Amino acid sequence: MQALIDEFPVIRDAFWLTIRLTLASGFMALVLGTILAAMRVSPLPVLRTIGTAYVNIVRNTPLTLVIVFCGLGLGLVLDVSFSTSLSTNYLWLSIIGLSAYTAAFVCEAIRAGINTVPVGQAEAARAIGLTFMQNLRLIVLPQALRSVVAPLGSILIALIKNTTVAAAIGVGEASLTMKTLFEAHGDAVVPIFFGFAVAFLVLTLPTGLLFTWLSKRLAVIR
Amino acid sequence: MSSTTLTAEPKPARERTRSAERVSVLYDVPGPKARLRNTVLTVLVVLVALFAVYALVTKLDEKNQLDGALWTPFLRGDVWVNLILPGLLNTLSAALVAAVIAVPFGFVFGIARLSEHSWIRVPAGAVVEFFRAIPLLMMIFAVMYGGSAVFGLTVTPFTAVVTGLVLYNGSVLAEIVRSGIQSVPRGQSEAALAIGLRKGQVMRMILLPQAVTAMMPAIVAQLVVLLKDTALGFIVSFEDLLNAGARVLPSNFNNIIPAVMVIAVVYIIINLIVGALATWLERRSRRSRRTAARPVAPADSVAAPGAPGGVAAPGMPGGVTTGDD
């Protein structure tokens, strides 16, 4: 227990990094996922093919492999650089990997949401002469996004847990910090583990409650 | 709704999927102008895609990643037999052992959560909810270090990975089992009790056989997740398929990018095969007459809002996964 109190600043910083990773990748995944969903329902077969291929490839690849590819492949070999600081650079590379992976799941959730919009809505939009982009932007997506708030919340919770995989390329988020503390305090493994477990629950439980509340509030009444 | 030449009912849209012009309710059937615009846009998209590929190839070439020496190892049998297959074997055996233990774990805890005795139901629920909420990687680290620090055991990476996978996926499977049993209509167990079966008999003879049929696809879908998650072992130096691609091959041939790409293809092929099995089972269980229960949505899937006659392209799966690792 003493170890947890002594190391509190380290643990706080680690979870702050986990939160930043989640927010940055969550935002990028939402944008990329929405674009992918639009591609998958678009009138152009070539866009649909690209979207489908992306989702099928990414969903069947282990996240660890994606992160390792971003860190070692993009970072070390191809010299993709976001910052002169090595740790910041790996942070951004892991954000790219997490967003690219999560975007595939966001895309599928939004596509399922588009499915909940009654056909009459899209037909009426076409009847008043809206183009595909106007139809999607003004009629279909606003309703679809409101119906997938709860699924997006589940994806966000999965993302919070998935940020731990950034440890594969040495990003010092919560799980890697826990491992470091295990090594430093071999006699306090159990309290450290439960401390980190509770901290994760503190992140995920309110997120779940918030999104359940949001999904009820934003639900489209039909 | 009557079908006109312009609007497409979901049914015809599905039938016409394979024709050149797919019809969607999101846009009109293209006329001459729209066809021209679509052709121009298609050419533009192809050009942008080609440019992206060109930029990538140039970048790879600039860093000498297209050298034959980096790619030819994959044409040699001994590289596959000595370096890649042992990793693949470790990945598959970890996944198999974990699956064989996780499925009974899931059944025990799933049924325990439905128990009438709170002293069984509450602890089982706590275990399931706890392990589902903790990142799998943290569990693996905890087993690795906790095993030696608390119990004085030497924990191999294999044991740590399998234990983590069992606890996490077993808990997810427990939720599948619970919802599978709950998806059997109440009349079934009421009728069974009425003819004088005991509680254990109702579960064993009436509920479980029907529930298993309903949840089979969801279980197999979860096994794909389990297989993917074995890659986390890489972080604790488990010598799995990812280790072969990201550590062993690069240390021999200095070819991390080609190696990771080839290994990714292997993972994708294996997962597609298991995923196809899940789809097949789902189709089979949907038309099965052996159960009164509706098929259970895949685990970690979010409510399947598959409203009939929705707007999206045909072929939507029943549930949407969250990418939970």
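The rules behind the values
Residues numbered from 1 in each chain as written. Chains lettered and ligands numbered in written order. Predicted model: local features only at pLDDT ≥ 70, side-chain atom pairs only at ≥ 80, totals over all residues. Heavy atoms only, no water. Axes fitted to C-alpha atoms, helices over the stretch in contact; angles between N-to-C directions. Helix = DSSP H or I, 4+ residues; strand = E, 2+ residues; numbered from the N terminus. Left-handed = near helix turned anticlockwise from the far one by under 90°. Contact = heavy atoms within 4.5 Å. Nonpolar A, V, L, I, M, F, W, Y, C, P; charged D, E, K, R; others polar. UniProt positions renumbered as here; feature names shortened; annotations may be inferred. Buried < 20%, exposed > 50% of the residue type's maximum accessible area, 1.4 Å probe, protein only. Parallel < 35°, antiparallel > 145°, perpendicular 65-115°, else oblique. Phe/Tyr/Trp six-rings, centres within 6.5 Å; stacked < 30°, edge-to-face > 60°. Core = buried A, V, L, I, M, F, W, Y, C linked by side-chain atoms within 4.5 Å.

*Asks:* I would appreciate a short explanation of the packing of helix H2 (residues 8–40) of chain A against helix H10 (residues 189–218) of chain A in the present structure.
*Replies:* If you want to describe how two helices pack, look at the angle between their axes and the distance between the axes. Residue and element names in this part refer to chain A. Contact geometry for H2 and H10: axes closest at 12 Å, N-to-C directions at 35 degrees. The element H2 and its partner H10 pack so that their crossing is right-handed. Each of Ile11, Phe15, Thr18 and Ile19 in H2 lies in contact with H10, whose residues at this interface are Phe196, Ala199, Phe200 and Leu203. Among the residues forming the contact of H2 with H10, the class breakdown is 7 nonpolar, 1 polar and no charged.

*Asks:* When you look at the UniProt feature "transmembrane region" (unreviewed entry) in chain A in this model, what are you seeing that I'm missing?
*Replies:* All names here are of chain A. Per the UniProt record, the feature "transmembrane region" (unreviewed entry) sits at residues 14–39, 60–78, 90–110, 148–172 and 192–214. Along residues 148–172, the helical share is 56% and the strand share 0%, with 32 Å between the first and last C-alpha atoms. Summarising residues 192–214: 100% helix, 0% strand, and an end-to-end C-alpha distance of 33 Å.

*Asks:* What should I look at first to understand the UniProt feature "transmembrane region" (unreviewed entry) in chain B in this one?
*Replies:* All names here are of chain B. UniProt's entry tags residues 39–57, 92–112, 124–143, 149–168, 206–227 and 256–281 with the feature "transmembrane region" (unreviewed entry), counted in the numbering of this structure. Between the C-alpha atoms that bound residues 92–112 there is a distance of 30 Å. The span itself is 100% helix and 0% strand. A helix fraction of 100% and a strand fraction of 0% characterise residues 256–281, whose end C-alpha atoms lie 37 Å from each other.

*Asks:* Looking at this structure, how should I read the side chain of Thr61 of chain A?
*Replies:* With respect to the helices and strands, Thr61 of chain A occurs in the loop between helix H3 (45–59) and helix H4 (63–77). With relative accessibility at 5%, the residue Thr61 of chain A sits in the buried group. In contact with Thr61 of chain A, other than residues within four places in its own chain, are Val66 and Tyr101 of chain A together with Lys228, Ala264 and Ile268 of chain B.

*Asks:* I'm lost on the packing of helix H5 (residues 86–116) of chain A against helix H8 (residues 149–162) of chain A in this one. Help?
*Replies:* Residue and element names in this part refer to chain A. Between H5 and H8, the shortest axis-to-axis distance is 10 Å and the interhelical angle comes to 160 degrees. In this view, H5 runs roughly antiparallel relative to H8, as classed from their interaxial angle. H8 is crossed by H5, and the crossing has right-handed handedness. In this structure, H5 contributes Leu98, Tyr101, Thr102, Phe105, Val106 and Ala109 to the contact, and H8 contributes Pro151, Leu152, Ile155, Leu159 and Asn162. Split into classes, the residues belonging to the contact of H5 with H8 amount to 9 nonpolar, 2 polar and no charged.

*Asks:* How do you make sense of the packing of aromatic side chains when you look at a structure like this?
*Replies:* Given two aromatic rings, their pairing is described by the distance between the two centres and the angle made by the two planes. All chains considered together, the criterion is met by 12 aromatic pairs over all chains. For the ring pair Tyr101 of chain A and Phe105 of chain A, a centre distance of 5.2 Å and an interplane angle of 50 degrees mean the geometry is tilted. Here Phe105 of chain A and Tyr101 of chain A lie together in helix H5, a separation of 4 residues that amounts to about one turn. Relative accessible area serves as the criterion here: at 1%, Tyr101 of chain A is assigned to the buried category. Arranged with centres 5.6 Å apart and planes meeting at 45 degrees, the rings of Phe182 of chain A and Tyr145 of chain B form a pair that is tilted.

*Asks:* Help me out: how do you make sense of the nonpolar core in this one?
*Replies:* Soluble globular proteins tend to pack their nonpolar side chains together in the buried interior. Phe182, Phe193 and Phe196 of chain A are the most contacted members of the largest nonpolar core, which has 128 residues in total. Ranked by residues supplied to this core, first place goes to H5 of chain A with 14 residues. If near-sequence neighbours (up to four positions away) are discounted, Phe193 of chain A is found in contact with Met178 and Phe182 of chain A together with Phe130, Ile134, Met138, Met139 and Ala142 of chain B. Formed by 20 residues, the second largest nonpolar core is a distinct cluster that contains Ala192, Leu208, Ala211 and Ala293 of chain B.

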